[in-house]
Amino acid sequence: MGLNDTPGAERVHIGFFGRRNAGKSSLVNAVAGQELSVVSEVKGTTTDPVFKSMELLPLGPIVLMDTPGFDDEGELGEKRVQKAKQVLNRSDCAVLVVDGTAGETETDRALLALFEKKGIPYLVAYNKSDRLEKREGKNGLWVSAKTGENIPALKERMAALVQTEDRRLTDGLLHPGDLALLAVPIDEAAPKGRLILPQQQVIRDALDVGAAALAVRPSELRETLDKLAVPPAVVITDSQAFSEVAAAAPEEIPLTSFSILMARYKGFLEGAVRGVAEIDRLQEGDRILVAEGCTHHRQCGDIGTVKIPRWLQEYTGKRLVFSACSGRDFPEDLSPYRLILHCGGCMLGGRELRYRRQCAADAGVAFANYGVVIAYLKGILRRSLSLFPELLSLLPEEK
């Protein structure tokens with residue numbers, strides 16, 4: 001994928017952090033080659049994170065992220081710092097911008113400790129080198145947003161920090177000559193005139209490996225299967241159509257969902273499978289967090305806030321309390337919750353999803369995925385994971 005058609009979640013996210021007036025915004029503008037962020041001598045000019053998609057060779061499509069100063073003060077300043085921390089959780093690598101004329105401060109050292117704690121690759125850029133005659137005792141890169149000194153070297157260092165992988169949503173599942181049959185619901189929740197990202201990715205994956213992809217509505221699945229001379233290699237559907245599709249597709253045809261494939265692609269399918277065991281331990285009044293990576297207008301039959309809560313309460317026979325979050329909002333304190341149900345995460349980067357999972361693990365809260373949970377509640381999780389036999393031993397007994 002090129003710059004214009006690469007989804008935000010698939011781009012490398014590079015965050016610029018530091019104190020107020022260290023020159024973060026000026027440096028982001030210099031790297032991007034255009035005026036993205038407002039620059040001023042007044043402290044705290046950047047009040048909200050600024051995001052810019054661009055191409056950084058040899059790395060490829062990236063997102064540059066400018067942040068408020070980590071030393072911001074007052075009630076409003078604390079909220080700005082919180083926004084900067086949210087950006088940090090999305091960062092595949094970080095650039096600590098230090099005012100070279102002032103040297104490192106406690107704030108800078110606290111940021112470095114935070115990078116280390118979160119395992120984020122980083123480099124230190126000492127800005128305002130044009131104002132200095134001596135540059136002794138510094139291990140970072142001396143740069144000047146004003147004159148452009150070492151900006152090309154900064155770009156090269158950033159690119160070298162990040163290791164990218166060439167992965168597919170259907171890795172190992174499709175081969176030349178295979179047919180993937182996609183059962184795609186077209187209802188009030190479907191985006192008008194287009195397919196959602198995982199559906200697009202599967203079609204592109206099939207083309208890349210020399211396979212074929214055929215999309216039908218669940219209501220036409222049985223008829224389509226009857227017309228095929230050879231059974232498909234796999235049937236992939238939307239999680240909420242699992243029951244209808246499972247009934248229409250013979251048992252011998254592998255069946256899974258876009259959500260399960262996305263959880264595997266994002267690296268948390270095994271954890272999600274382990275997390276469903278918590279469902280059978282839920283008690284009256286337990287709190288459950290429903291988390292989505294994207295923001296959208298919720299329909300009356302919304303999958304996350306309406307259907308899954310209803311199915312869970314029907315399955316458990318318990319009165320459960322549900323909360324919801326979406327987009328970049330994710331609670332820092334997860335202690336009130338017994339279980340987190342997360343979407344596939346197609347709009348979130350891998351690092352942000354890892355952060356959310358780690359927060360849950362630190363709080364001792366089970367973390368599962370829409371597709372895995374729905375398949376379990378419908379009694380077809382074992383079948384939906386048949387493509388991944390290494391996970392079958394982790395399954396609780398389905399009722």
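Bear in mind the structure is a predicted one, so any value in this text is a computation, not a measurement. (Residues numbered from 1 in each chain as written. Predicted model: local features only at pLDDT ≥ 70, side-chain atom pairs only at ≥ 80, totals over all residues. Heavy atoms only, no water.)

**Quick notes on the environment of glycine 371**
Position of glycine 371 among the secondary structure elements: in helix 12 (residues 370-377). Take glycine 371: its relative accessible area is 0%, and that puts it in the buried class. Taking C-alpha positions, glycine 371 is 8.8 Å from leucine 261, a pair spaced 110 residues apart along the chain. Residues in contact with glycine 371, not counting those within four places in the same chain, are Ser239, Phe242, Ser257, Ser259 and Ile260. (Helix = DSSP H or I, 4+ residues; strand = E, 2+ residues; numbered from the N terminus. Buried < 20%, exposed > 50% of the residue type's maximum accessible area, 1.4 Å probe, protein only. Contact = heavy atoms within 4.5 Å.)

**Some remarks on the packing of helix 1 (residues 24-32) against helix 4 (residues 151-161)**
Two numbers describe how helix 1 lies on helix 4: the axes approach to 10 Å, and their chain directions differ by 85°. The orientation of helix 1 relative to helix 4 falls into the category roughly perpendicular. Between helix 1 and helix 4, the residues in contact are Leu27, Ala30 and Val31 and Ile151, Leu154, Lys155 and Met158, respectively. Across the contact of helix 1 with helix 4, the residue classes tally to six nonpolar, no polar and one charged. (Axes fitted to C-alpha atoms, helices over the stretch in contact; angles between N-to-C directions. Parallel < 35°, antiparallel > 145°, perpendicular 65-115°, else oblique. Nonpolar A, V, L, I, M, F, W, Y, C, P; charged D, E, K, R; others polar.)

**Thoughts on the nonpolar core**
One recurring pattern in soluble globular proteins: nonpolar side chains tend to sit buried together. Counting 79 residues, the largest nonpolar core has Leu221, Leu269, Ile279, Leu312, Leu334, Leu341 and Leu385 as the members making the most contacts within it. In terms of residue count, the dominant contributor to this core is helix 12 (seven residues). Apart from the residues within four sequence positions on either side, leucine 334 is in contact with Leu289, Ile340, Cys359, Ala360, Ala363 and Val365. (Core = buried A, V, L, I, M, F, W, Y, C linked by side-chain atoms within 4.5 Å.)

**Focus on the side chain of serine 25**
Along the chain, serine 25 falls in helix 1. In terms of polar contacts, serine 25 uses its side chain to reach the side chain of aspartate 66, at 2.5 Å. (Polar contact = N/O pair within 3.5 Å; in protein donor to acceptor, adjacent residues only side chain to side chain.)

**With respect to the packing of helix 5 (residues 197-209) against helix 8 (residues 258-265)**
For any two helices packed against each other, the geometry comes down to the angle between their axes and how far apart the axes lie. It is at 10 Å that the axes of helix 5 and helix 8 come closest, and there the two elements cross at 80°. The pairing of helix 5 with helix 8 is recorded here as roughly perpendicular in orientation. Between helix 5, through Pro198, Gln199, Gln201 and Val202, and helix 8, the contact on the second element is made entirely by Phe258, Leu261, Met262 and Tyr265. Grouping the constituent residues of the contact of helix 5 with helix 8 by class yields six nonpolar, two polar and no charged.

**Considerations on the confidence of the model for the protein chain**
Keep in mind that low pLDDT regions are not for reading the predicted coordinates in detail. Residue-level pLDDT values for the protein chain average 86, and 88% of them are 70 or greater. Taken element by element, the predicted model of the protein chain shows its lowest mean pLDDT in helix 2 (residues 74-90) (79) and its highest in strand 7 (residues 179-183) (97). (pLDDT = per-residue confidence, 0-100.)

**A closer look at the sheet that holds strand 7**
Across the sheet, four strands lie side by side as 8-7-9-10; this open sheet has parallel pairing. In the strand order of this sheet, the two ends are held by strand 8 (212-216) and strand 10 (255-257), each with one partner. On average, each strand axis in the sheet is inclined to that of its neighbour by 25°, with strand direction left out of account. As paired strands, strand 9 (residues 234-237) and strand 10 are joined by three bridges and run parallel to one another. Paired with threonine 237 across the strands is serine 257, a residue of strand 10. (Pairing = 2+ DSSP bridges.)

**Some thoughts on the pairing of strand 7**
Summarising burial for strand 7: five of the five residues are buried, a large majority. The alternating pattern of strand 7 places Leu179, Leu181 and Ala183 and Ala180 and Leu182 on opposite faces, both of which are buried. In terms of strand pairing, strand 7 meets strand 8 through five bridges, oriented parallel. Residue pairing in the sheet places alanine 180 in a bridge with alanine 213 of strand 8. Inspection of the sheet shows strand 7 paired to strand 9 by four bridges, in the parallel sense.

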